[in-house]
Amino acid sequence: MDKNYKESLNFWNQAFEMSDEEKVKFINGIDPDNDWKNLASCEKLKNVLVNQLASQKNVLDYGCGEGWAGIILNKSGCENVTSVDVVENAILLADLMKNVFKIEKGMETKCIYVDWLKDVQDDLYDGIFCSNVIDVLPENVAEGILKNFARIAAGGAKIVIAMNYYVAPVNNPEKKIEFRNENELYMGGVLRMVTRTDEEWTEIFSKYFDIEKIEYFAWPGEAEEKRRIFIMKKKN
């Protein structure tokens, strides 16, 4: 496994780690009948997710983290969503969330191995959602994921990829930010993002998908909507 990829996985596994005490506190603070509506980082991202994918019959939520997108899709009428992640602690949290929100059918959570996509059958999914994944991985890993997305997506499938905003490649020693290879952003020595402009991502995605639209959104506390959502279809 690529050293940068391994370090990234270790970082995200630690990020999703939660003690038993934290889990109890988390569960006690949830209203299972209503709080699923607020799981997305912002309303705009949730609306795009639901509008584009809730009507699809078989959706893959790749790099699902705590499973927020799969839960929203399930509650919004998607017949079947498979939420997967290579990060073990993320899936443990997704399983917890699934139980808290009383989801008994229509959503599967699965901790996958790194090359899992290669073993998925062709044309299986009519929808794919991927948020905060493609642009935080080494270039060769991201390229392999996109190639497999194109293979496992059925004809006319909807593909929605959300990602960070573009960051100019300038080192910032005070914040321990270092750029390598022109566009790889490292924090504390760990790869955190491969930053590209809209045009650069469009060129990459266009090899596999027809881009229908690019939406922009912001996380709470951010003044500008600079984060990006690429709404796409599999090429015919």
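Structural data are supplied above this passage.
To keep things clear, this report deals only with the structure shown in the data block.

Rules used throughout
- Residues numbered from 1 in each chain as written.
- Predicted model: local features only at pLDDT ≥ 70, side-chain atom pairs only at ≥ 80, totals over all residues.
- Heavy atoms only, no water.
- 1 Å grid on protein atoms, 1.4 Å probe; cavity = no way out; pocket = protein on both sides within 12 Å on 5 of 7 lines; lining within 4 Å.
- Points joined across faces, edges and corners; volume = space filled by probe spheres on them.
- Helix = DSSP H or I, 4+ residues; strand = E, 2+ residues; numbered from the N terminus.
- Nonpolar A, V, L, I, M, F, W, Y, C, P; charged D, E, K, R; others polar.
- Buried < 20%, exposed > 50% of the residue type's maximum accessible area, 1.4 Å probe, protein only.
- Polar contact = N/O pair within 3.5 Å; in protein donor to acceptor, adjacent residues only side chain to side chain.
- Contact = heavy atoms within 4.5 Å.
- Pairing = 2+ DSSP bridges.
- Axes fitted to C-alpha atoms, helices over the stretch in contact; angles between N-to-C directions.
- Parallel < 35°, antiparallel > 145°, perpendicular 65-115°, else oblique.
- Left-handed = near helix turned anticlockwise from the far one by under 90°.

1. Comments concerning the layout of surface pockets
To find leftover empty space, a probe the size of one water molecule is rolled over the atoms.
1) Next: By volume, the largest pocket amounts to about 560 Å³.
2) Next: For the largest pocket, the lining is made up of 32 residues, of which G63, G65, S131, N132 and V133 are closest to its centre.
3) Next: For the lining of the largest pocket, the elements supplying multiple residues, two or more each, are α1 (3–15), β1 (59–62), α4 (68–75), β4 (125–131) and β5 (153–163).
4) Next: Top contributing element to the lining of the largest pocket by residue count: α1, with three residues.
5) Next: Grouping the amino acids of the lining of the largest pocket by side-chain chemistry returns 22 nonpolar, six polar and four charged.
6) Next: Of the voids in this model, the second largest pocket is the one considered here, and its volume is about 280 Å³.
7) Next: Contributing to the lining of the second largest pocket are 13 residues, with N164, M187, R192, M193 and R227 lying nearest its centre.
8) Next: Elements supplying a minimum of two residues to the lining of the second largest pocket: β7 (184–187) and β8 (190–194).
9) Next: When its residues are assigned to classes, the lining of the second largest pocket shows nine nonpolar, two polar and two charged.

2. Describing the side chain of Q52
1) Next: Relative to the assigned elements, Q52 resides in helix α3 (residues 43–53).
2) Next: Residue Q52 is classed as buried on the basis of its relative accessible area, which comes to 18%.
3) Next: Among the polar contacts listed, one links the side chain of Q52 to the side chain of K158, at a separation of 3.0 Å.
4) Next: Those residues in contact with Q52, other than ones at most four positions away along the chain, are K158, V160, E212 and I231.

3. Focus on empty space enclosed by the protein
1) Next: Within the structure shown, the criterion is met by one cavity of 30 Å³ or more.
2) Next: Its volume calculated, the largest cavity comes out at about 40 Å³.
3) Next: With four residues, helix α6 (residues 139–152) is the largest single contributor of residues to the lining of the largest cavity.
4) Next: Residue classes in the lining of the largest cavity are distributed as five nonpolar, no polar and three charged.

4. Regarding the pairing of β4
1) Next: β4 sits mainly inside the fold: six of its seven residues count as buried.
2) Next: Pairing of β1 with β4 involves three bridges; the strand directions are parallel. Bridge pairing in β4 places V59 opposite G127.
3) Next: Where β4 and β5 come together, six bridges link them in parallel fashion.

5. Here's the deal with the environment of L191
1) Next: Position of L191 among the secondary structure elements: in strand β8.
2) Next: On a C-alpha basis, the gap between L191 and L9 in space is 9.9 Å, while along the polypeptide they are 182 residues apart.
3) Next: Among all residues touching L191, those that are not within four sequence positions of it are N4, S8, V136, L137, P138, E184, L185 and Y186.

6. A closer look at the packing of α3 against α4
1) Next: Running from N to C, α3 and α4 cross one another at 55°; their axes reach a closest spacing of 10 Å. In terms of their interaxial angle, α3 and α4 are classed as oblique. In this structure, the crossing between α3 and α4 has a hand that is right-handed. For the pair α3 and α4, contact is made by L45, K46, L49, V50 and L53 and by W68, A69, I72 and L73, respectively.
2) Next: In terms of residue class, the contact of α3 with α4 is built from eight nonpolar, no polar and one charged.

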